[in-house]
Amino acid sequence: MAADARLVLAGGGHSHALLLRMWGMARRRPSLRPPAQITLVSRCSTALYSGMVPGLVAGLYDTQACSIDLRRLCRLAKVTFMQAEITGLDVQARELQLEGRPSLRWDWLSLDVGAETVDSEHAAVAVKPLEPFLQWCAQQEQGSLRIRGGGAAAVEVALALRGRGLQPELLLRGHALHLGSAAANRLGERLLQGAGITVETNSPAGAAADLACTGSRGPRWLAASGLPCDAQGRLLTEASLRVQGHPRLFASGDCGVITGHPRPPAGVWAVRCAPTLARNLTSAVAGRPLRPWRPQRWALQLLGDGGSLMRQPQAVAFWGPWAFGPSPLLWRWKHHLDQRFMARFSRLKAMDQNGAAPMACRGCAAKLAASPLQDALARNSLGGGTPASAEDAAVIGPTPDGTLLLQSVDGFPALVADAWLNARLTTLHACSDLWACGARVESVQAVVTLPELAAPVQADLLSDTLAGIQSVLAPLGARLIGGHTLEARDTQNQPEPAGGGLCLVLSVNGRTGAGEPWGKGPLRPGDGLLLSRPIGSGVLFAAAMAGAAAPQWIDAALLQMQQSQAALVELLARHGCRACTDVTGFGLLGHLGEMLAASPDPCRATLKAAAIPALPGALQLLEQGWASSLAPSNASALALLGERVQLQGIASAAQQGLLIDPQTCGPLLAAIPADQCQAALRALQQAGFPQAAVIGQVHT
């Protein structure tokens, strides 16, 4: 079934970014999109536009101006985004090997995985991959450094670093630069001389350098896969961009080269081949003939000087054997072209919603609001008609060794399309119910609802889901002991990522130590309220669905959400924890209200608004009016303010919005005796929870 084929895009290079843009804009022409379940795998959630990287190094641009948001592009194109490091490729088994997680199976594979710097053994850092190089740049202060390399990239990086205030020196293996022509070499020498950059010719191959910028090769795992490669480890392809001898594999960008039409690895070729790649991937999956791509002989190359010659940046132009400049006009032209390229992606922001109503949030923000829940509980005489009287986990009974068995259930529709990551997040979220009771997790049962897809795709989704669950349980010494599967029928027949209809519910079982489990209450006057980590995931993911959240904010949120809080049980117990809960769908204020409801009526709490830690970007988004779809119903908890909860200090509207923001994989909120609060806080911060905070106190 062609519609259920698995197409994997390996790497987030320029070619893949552009074809995602094409598919995202092809809503009215679905035939332009391959009839397949599509996944993009990238080590980063953003792709840096190579043409602006020298300007970024020189300080002319910030990182956001040069970054393409791959996660948002995938959402627009209805493609599953998977953030992972690719470590290998098994061509026979059709598996892409990933670091720290299961291999990814494919029926069709497109490779746009960039390149690595060659001969980097004697340098502190290599210019490729770009991300480590840029981190290194950010740490450099004024001083001298040695750069090995003499090509266009080395010259441009040296000029950019000079513009940054450093004093670079170029080390050449030979006696001259190699910029493609004699005219270009002469112009490059003038640029370096004018910037005060010295050049050492005939430098020994083993001479130590700070930075290697010595040309590029394909990632080593490509050649190790047995695929046909040239001397630089770049995949040999046909004019259609299909890998020679492998009709189900395609390659583009710096990792591929057309046999008979070799072109140097440069962003211009990756950009220009994108339409052909998009068309041929669709044709290949659909069983139609492919079209060739004939790259032009020469490409215009504009090289900026980083502002090192004078205050106003300049640029030079290379075209085959000719070279022009330097000139401020050429820099303005280059800047205009770069901005126009990036605008092709930034203009998509207005298309995210496309006039549609805001989408309902997923994750724990998809839970039922408090009002209908309380109504249903009251009608059935369960829990006194209020969730506040129910604990995070139920006590099943004692065991012969004096411990208590506990059980809880939790789950939600997939927060992310990546099935493995979603299962890991859901499992951590579900386990926090037992951790909030001071219990350790021993076993889990799972109910997995899968979308209606071909059997191989469903098998992949289920396998990744089970592996994601076990990635949490294995370090805990816990087991997945059983479960059930269901299939969800998609009556709307909407093309969605394979994980779009995924839902996971978990029954979590565990036991306490010798003592009683922690309850939500009673709180006692004098107790300090300790929050284990920042909040704000609800508004972040709500804004991300509309393309309004910066990618680094989502990266930071997901990094925190994947951190297990199992170690907190022992730490909090050691410091006399009296009561505890986990902050999830009803928000910080709603769950604090549950703790107060489980305490004697005179009990009150004071919260220090300024002390409540927020995830990066959460307060900014709340200030802009963004909110989770569950937040309006959570707003009923604001009635506690002025009654049983006092806010200390002036709280802005955004800070009040943070109080009712629903959390997925949220923090623990623990009541600690006053004389133990600071010691408990230090213990948490030393144990890997640096943003834990004492946010308030209990009083009468």
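Analysis parameters
Residues numbered from 1 in each chain as written. Predicted model: local features only at pLDDT ≥ 70, side-chain atom pairs only at ≥ 80, totals over all residues. Heavy atoms only, no water. Buried < 20%, exposed > 50% of the residue type's maximum accessible area, 1.4 Å probe, protein only. Helix = DSSP H or I, 4+ residues; strand = E, 2+ residues; numbered from the N terminus. Pairing = 2+ DSSP bridges. Expected span 1.5 Å × (residues − 1). Bend = angle between axes of the 7 residues up to and from the residue. Axes fitted to C-alpha atoms, helices over the stretch in contact; angles between N-to-C directions. Contact = heavy atoms within 4.5 Å. Disulfide = S-S within 2.5 Å. Patch = residues over 30% accessible without salt bridge, like charges linked within 9 Å, V, L, I, M, F, W, Y side chains within 5 Å. Areas by Shrake-Rupley, 256 points an atom, 1.4 Å probe, with all protein chains shown as cover. Salt bridge = Lys/Arg side-chain N within 4 Å of Asp/Glu carboxyl O. 1 Å grid on protein atoms, 1.4 Å probe; cavity = no way out; pocket = protein on both sides within 12 Å on 5 of 7 lines; lining within 4 Å. Points joined across faces, edges and corners; volume = space filled by probe spheres on them. Nonpolar A, V, L, I, M, F, W, Y, C, P; charged D, E, K, R; others polar. Polar contact = N/O pair within 3.5 Å; in protein donor to acceptor, adjacent residues only side chain to side chain. Core = buried A, V, L, I, M, F, W, Y, C linked by side-chain atoms within 4.5 Å.

**Focus on the pairing of strand 29 (residues 579–582)**
Next up, step 1: Of the two faces of strand 29, both are covered, the one formed by A579 and T581 as well as the one formed by C580 and D582.
Next up, step 2: Note that strand 29 and strand 32 (residues 668–672) share 4 bridges and pair antiparallel. When the bridges of strand 32 are listed, A579 appears paired with A671.

**What about helix 12 (residues 455–476)?**
Next up, step 1: Counted at 1.5 Å a residue, the expected span for helix 12 with its 22 residues is 32 Å, and the 32 Å between its end C-alpha atoms agrees.
Next up, step 2: Along its length, helix 12 reaches its greatest deviation from straightness, about 30°, at Q470.
Next up, step 3: Residues of helix 12 that are buried include every one of V457, Q458, D460, L461, D464, T465, G468, I469, V472 and L473, and no others.

**Quick look at the sheet that holds strand 1 (residues 5–10)**
Neighbouring strands of a sheet are bound in pairs by backbone hydrogen bonds; such pairs are parallel or else antiparallel.
Next up, step 1: If you trace the 5 strands from one edge of the open sheet to the other, you get 5-2-1-9-18, paired in parallel fashion. Edge positions in the open sheet fall to strand 5 (80–83) and strand 18 (249–251), since each of these has one partner strand only. Strand-to-strand, the axes of this sheet are offset by a mean angle of 20°, without reference to chain direction.
Next up, step 2: With 3 bridges joining them, strand 9 (residues 108–111) and strand 18 adopt parallel strand pairing. When the sheet's bridge partners are listed, L109 is paired in strand 18 with L249.
Next up, step 3: The sheet strands contacting helix 1 (residues 14–24) are strand 1, strand 2 (36–42) and strand 9, and the helix crosses strand 1 at an angle near 135°.

**Observations concerning the state of the cysteines**
Next up, step 1: As enumerated under the stated definition, the model contains 0 disulfides in all.
Next up, step 2: You can see C44 has no disulfide; the closest cysteine sulfur is in C74, sitting 13 Å from it.
Next up, step 3: The exposure class of C44 is buried, given its relative accessible area of 18%.

**Some points on a nonpolar patch on the surface**
Next up, step 1: Among the surface-exposed residues, L300, W319, W322, F324 and W333 lie close enough to one another that they form a single nonpolar patch of about 500 Å² accessible area.
Next up, step 2: Within the secondary structure, L300 sits in the loop between helix 8 (267–286) and strand 20 (301–304).
Next up, step 3: For L300, a relative accessible area of 32% corresponds to the partly exposed category.

**Topic: empty space enclosed by the protein**
Next up, step 1: Under the counting rule described, the total for this entry stands at 4 cavities of 30 Å³ or more.
Next up, step 2: In this structure, the largest cavity occupies an estimated 150 Å³ of space.
Next up, step 3: If you go around the largest cavity, you meet 19 residues; those closest to its centre are R234, G253, G256, W269 and W293.
Next up, step 4: Of all the secondary-structure elements, those providing two or more residues to the lining of the largest cavity are strand 19 (256–258) and helix 8.
Next up, step 5: In the lining of the largest cavity, the residues fall into 12 nonpolar, 5 polar and 2 charged.
Next up, step 6: The space that makes up the second largest cavity amounts to roughly 60 Å³.
Next up, step 7: Around the second largest cavity sit G51, P54, G55, L60, E156, A160, G304, D305, G306, W331 and K334, which together line it.

**A closer look at the side chain of T282**
Next up, step 1: In this fold, T282 is placed in helix 8.
Next up, step 2: You can call T282 buried: its relative accessible area is 4%.
Next up, step 3: One polar contact links the side chain of T282 to the main-chain carbonyl oxygen of L32, over a distance of 2.9 Å.

**Some words on the environment of G307**
Next up, step 1: Topologically, G307 is positioned in the loop between strand 20 and strand 21 (315–319).
Next up, step 2: Taking the C-alpha atoms as reference points, G307 and R162, 145 residues apart in sequence, are found 8.4 Å from one another.

**Looking at the environment of S346**
Next up, step 1: Within the secondary structure layout, S346 lies in helix 9 (residues 328–346).
Next up, step 2: Taking relative accessible area as the criterion, S346 reaches 36% and is therefore assigned partly exposed.

**Concerning the sheet that holds strand 25 (residues 440–451)**
Next up, step 1: Spatially, 23-24-27-25-26 is the arrangement adopted by the 5 strands of the open sheet, whose pairing is mixed. Taken across any chain shown, the strands that pair with only one partner, and hence form the sheet edges, are strand 23 (394–398) and strand 26 (479–488). Across the sheet, the axes of successive neighbouring strands diverge by a mean angle of 20°, strand direction being ignored.
Next up, step 2: Sitting on the sheet, helix 11 (residues 419–435) touches strand 24 (404–413), strand 25 and strand 27 (503–511), and the angle it makes with strand 24 is about 145°.

**Looking at the nonpolar core**
Next up, step 1: Counting residues in each nonpolar core, the largest one holds 98 residues, and the members touching the most others are V441, L529, L572, L588, L669 and I695.
Next up, step 2: Among the elements that take part in this core, helix 11 stands out by supplying 10 residues, more than any other.
Next up, step 3: Excluding residues within four positions of it along the chain, L529 makes contact with L592, A605, L607, L669, A670, A671, A693, V694, I695, G696, Q697 and V698.
Next up, step 4: By size, the runner-up hydrophobic cluster in this structure holds 86 residues, among which are A77, C213, C273 and A284.

**Focus on the pattern of salt bridges**
Next up, step 1: Taken as a whole and assessed by the stated rule, the structure comprises 20 salt bridges.
Next up, step 2: Salt-bridge contacts for E95 lead to R105; the nearest nitrogen and oxygen are separated by 3.4 Å. In this pair, E95 is assigned in strand 7 (residues 95–98) and R105 in strand 8 (residues 104–105), connecting sequence segments 10 residues apart.
Next up, step 3: Look at R105 and you get partly exposed, because its relative accessible area is 45%.
Next up, step 4: The salt bridge involving D338 is made with K334; its shortest N-O contact spans 3.3 Å. Within this pair, D338 and its partner K334 are both found in helix 9, separated by 4 residues, close to a single helical turn.

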